[in-house]
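Residue-level listing of the chains:
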Amino acid sequence: MPDSLPPSVDPSLGSAQTPLTLVSEAMVLERFGASGLWHWHEARAALSRVYGQVDGLMGLIWPRLCTQHEARDPSLKAQDLRAQDLETRGLAPDWRKPGSALYCAYIDRFSGTLKGAIDKIPYLQSLNVGIFHPLPLLRPRSGDNDGGFAVEDYRDIDPRLGSLADLKDLTKALGQAEIRLVLDVVCNHTAKEHAWAKAFAAKDPAFKDFYLGFETQAEVDEWEAHLLDVFPETAPGSFTYDAASGLYIWTSFYPYQWDLNYGCPQVFVEMLDVLMFLANQGVGGFRLDSAPFLWKEKGTPCRGLPQTHDLLKAFVHLMRLQAPSVFFLAEAIEDLNTVLPFFGQDHEHRECDMAYNNSLMTALWAGLAEGKGEIVHQALDLAAQKPKHGVWLNYARCHDDIIWGALGNLASRERQKAWSRFYDQNLNPDGYAQGLGFQGTKGAALSTCGMAYSLCGGSSDGLADKRHGLIYGLVYALDGVPMVYMGDEIGLENDPSFAQDPEKASELRWLHRPHMDWAASQTKEAQARRETILRASRALKLLPQLQEATAPQALLGLGPELLGFERRLPDAQFICIANLSDRPSWFDAGQGGHDLLSGQRLQGRSVLDAYQLVWLLRLDETPSSES
Ligand code: GLC
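Residues numbered from 1 in each chain as written. Predicted model: local features only at pLDDT ≥ 70, side-chain atom pairs only at ≥ 80, totals over all residues. Heavy atoms only, no water.

Concerning the overall build of the protein
Scanning the protein from terminus to terminus reveals 18 helices and 25 strands. The C-alpha atoms of the protein give 25 Å as radius of gyration, which agrees with the globular expectation for 627 residues (25 Å, within 12%). Expressed as lengths along the three principal axes of its C-alpha atoms, the size of the protein is roughly 75 × 65 × 45 Å. Classification of the 627 residues of the protein by burial places 61% in the buried group. Total accessible area on the protein is roughly 24,100 Å²; 53% of this is exposed by carbon and sulfur atoms. (Helix = DSSP H or I, 4+ residues; strand = E, 2+ residues; numbered from the N terminus. Rg over C-alpha atoms; globule rule 2.2 N^0.38 Å. Buried < 20%, exposed > 50% of the residue type's maximum accessible area, 1.4 Å probe, protein only. Areas by Shrake-Rupley, 256 points an atom, 1.4 Å probe, with all protein chains shown as cover.)

Now the structure itself:
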């Protein structure tokens, strides 16, 4: 049932119309077994921390859960069983294979359509991809839609890209290649053209609480006083006046993206239903877009509040009942202290399975700008605090800008501004980097747009490949899943053509959203870049123990231009050392080891060229047997 159906026709909407089912433990036990009952309890506990008495809410959820569970395809149920089996045996999930990456692309720019993406599966396999993340696919509003992040219908596909049947075909074909598809679910907001938003604006009583609308500017000001702007230049403030309803609507992002009101439990039920429906199309994981924003509370910046975490926990536990193999990736681009809670406290109280390691990503670029390892060492130490079950998604670039403020707890504003200037080709014309500054709040550093290869200097710079290889080599060496942003594997550069498109011209992030250049991907240079990534991937494949190694520990006592960390294996040390500067440096490799990237043996004083990276494997000495 599409969520675009005229809402008044949908009999399950609106608690007043829905008969209450009291869900007993026996009912849950009978259908989902003992572990299912545990998930049900956890979800219920999380929801009651948010809403108080939840008998009625659980009664609304139950029939939806049962219906979607019954509708799940047997092949997906088989995948669920395999996932549960791996978990019971304490093994890594199937989407986490040694050396395999998450590949992220806009479908229209990668393969044209979803059907076209099926033909690209061999390409993904050649890159050792384990997770494919097509950027938003669901039917967006027409016209400007924030790159698809303004969804008009969660149960339909952007007609430019294909249909729901095509999505199913793609997930099936990917499944045969052992690749999971992770899909964006924009759970914080809908397009203002979404059926729920239209019903809200038309004052349909069943939807009166679905969004947050205020009658007076004074009320808005009270909230606004504590909020931070996401797009201070192109969409200042967090509210938009809507003439149709006569209300100031909460819009954290663009004016056409209306924030849902999770204070209304029915919103939770509807979004859960969307997740279950999409999981049944074969989606293997969800990227929860703008996850920190879900709950709003006056007097706070309304990001990452405890209720937000409880709502996410409830989603995760209920999905474990309906589609246990589905995983959750949190999109929380904040400082590390704010991101860590998205994993939950521990295995028992888990929340998302994966999260973007955005502080580390930002620190890598900051370290490269300074030619020093210190800021990365600090970010490494913080990132190591994640609970064991949580998996970092390590990355160099994505479709969004680099937000220097994410290192606000580690570096002063002045330092953040220096990084921002360093990468801005207008402010630093003598530098190598070819990025551009994107909007920032007053007094803060501008964030940075640009493709990784351009930030590394681009094709006219003789050292760009070394810098690019260094950054990607580090991304692969970290603890977690490495991500490849479409085009980085061949060194695609900025695409300034967006400025010609009136719908995109005001949005600088299109600078780093180029079309895949399949012809250029055949050149010798492009293949060499791909090979750099593949070499790292192959080394990890041969070292599966690394997945179980300890989190990276910063190596101190190196020259300031060096970044080094160690990951301890049961009988060996994996040591990654990078020279972030443009001058040769050296370190002491002690009794020596094997560099997995160059294949060479290093021992004692070892020289690192400008931007060189080594992955040293040092086996523990076997004690000589006493005679
Ligand atoms: C996420 C997306 C970003 C989008 C925003 C609003 O941060 O990555 O591209 O603008 O959410 O949906």
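What follows picks up the thread again.
Regarding the pattern of salt bridges
Inspection of every chain in the model, using the stated rule, returns 45 salt bridges. The salt bridge involving R139 is made with E152; its shortest N-O contact spans 2.7 Å. Separated by 13 residues along the polypeptide, R139 in strand β3 (residues 138-140) and E152 in strand β4 (residues 151-157) bring together distant segments of the chain. When sorted by exposure, R139 lands in the same class as E152, which is buried. Of the charged contacts, one joins D479 and R567 as a salt bridge, the two residues approaching to 3.4 Å between their closest N and O atoms. Of this pair, D479 sits in the loop between α17 (464-477) and β17 (481-485) while R567 sits in strand β19 (residues 562-569), placing them 88 residues apart in sequence. (Salt bridge = Lys/Arg side-chain N within 4 Å of Asp/Glu carboxyl O.)

Section: the sheet that holds β17
Reading around the barrel, the eight strands line up as β1-β2-β5-β11-β12-β13-β14-β17 and close back on themselves, with parallel pairing between neighbours. Each adjacent strand pair in this sheet contributes to an overall mean axis angle of 25°, direction not counted. Pairing analysis gives two bridges linking strand β2 (residues 129-134) to strand β5 (residues 180-185), with the strands arranged parallel. Note on β5: the bridge partner recorded for I131 is R180. (Pairing = 2+ DSSP bridges. Axes fitted to C-alpha atoms, helices over the stretch in contact; angles between N-to-C directions.)

Focus on the sheet that holds strand β8 (residues 239-242)
The three strands are arranged β7-β9-β8 in an open sheet whose pairing can be described as antiparallel. Of all the strands in the sheet, just β7 (213-214) and β8 have a single pairing partner and so form its edges.

Here's the deal with the site of the ligand
Among the 13 residues in the neighbourhood of the ligand, the closest are listed as D146, D289, E331, H399 and D400. Residue D146 places a side-chain N or O atom 2.7 Å away from an oxygen atom belonging to the ligand. One of the side-chain N or O atoms of S290 is found 3.1 Å from an oxygen atom in the ligand. Notes on the ligand: free accessible area 310 Å², of which the protein chains cover 94%. Its residues assigned to classes, the shell around the ligand comprises three nonpolar, four polar and six charged. (Near = heavy atom within 4 Å. Polar contact = N/O pair within 3.5 Å; in protein donor to acceptor, adjacent residues only side chain to side chain. Nonpolar A, V, L, I, M, F, W, Y, C, P; charged D, E, K, R; others polar.)

Topic: the pairing of strand β25 (residues 613-619)
In terms of residue burial, β25 counts as a mostly covered element, since five of its seven residues are buried. Of the strand pairs in this sheet, strand β20 (residues 572-579) and β25 are connected by seven bridges, and their pairing is antiparallel. Opposite A572, over in β25, you have L619 as the bridge partner.

Description of α17
Taking 1.5 Å per residue as the helical rise, α17 with its 14 residues ought to reach 20 Å, and the 20 Å between its terminal C-alpha atoms agrees with that figure. The buried count for α17 comes to 12 of 14 residues, which makes it a mostly enclosed element. Residues of α17 that are buried include every one of A464, R467, H468, G469, L470, I471, Y472, G473, L474, V475, Y476 and A477, and no others. (Expected span 1.5 Å × (residues − 1).)

Overview of the pairing of strand β9 (residues 247-250)
Here is the key point about a regular strand: its side chains alternate between the two faces of the sheet. The two faces of β9 match: L247 and I249 on one face and Y248 and W250 on the other face are all buried. Pairing between β7 and β9: two bridges, direction antiparallel. Along β9, the bridge assignment pairs G213 with I249. Two strands pair when backbone bridges link them, and β8 and β9 are joined in this way by four bridges, in the antiparallel orientation. Bridge pairing in β9 places Y241 opposite Y248. Count of turn residues in the β8/β9 antiparallel hairpin: four residues, of which G246 carries a positive phi of about 70°.

Some remarks on the packing of aromatic side chains
Evaluation of the coordinates by the stated rule reveals 36 aromatic pairs. Members of the aromatic cluster, connected to one another through ring pairs, are W365, W404, W419, F422, Y423 and Y432. The ring of W510 is capped by K504, whose NZ or CZ atom sits 4.7 Å from the centre of that ring. Across the ring face of W510, the terminal group of R513 is positioned such that the distance to the ring centre comes to 4.7 Å. (Phe/Tyr/Trp six-rings, centres within 6.5 Å; stacked < 30°, edge-to-face > 60°. Lys NZ or Arg CZ within 6 Å of the ring centre and 35° of its normal.)

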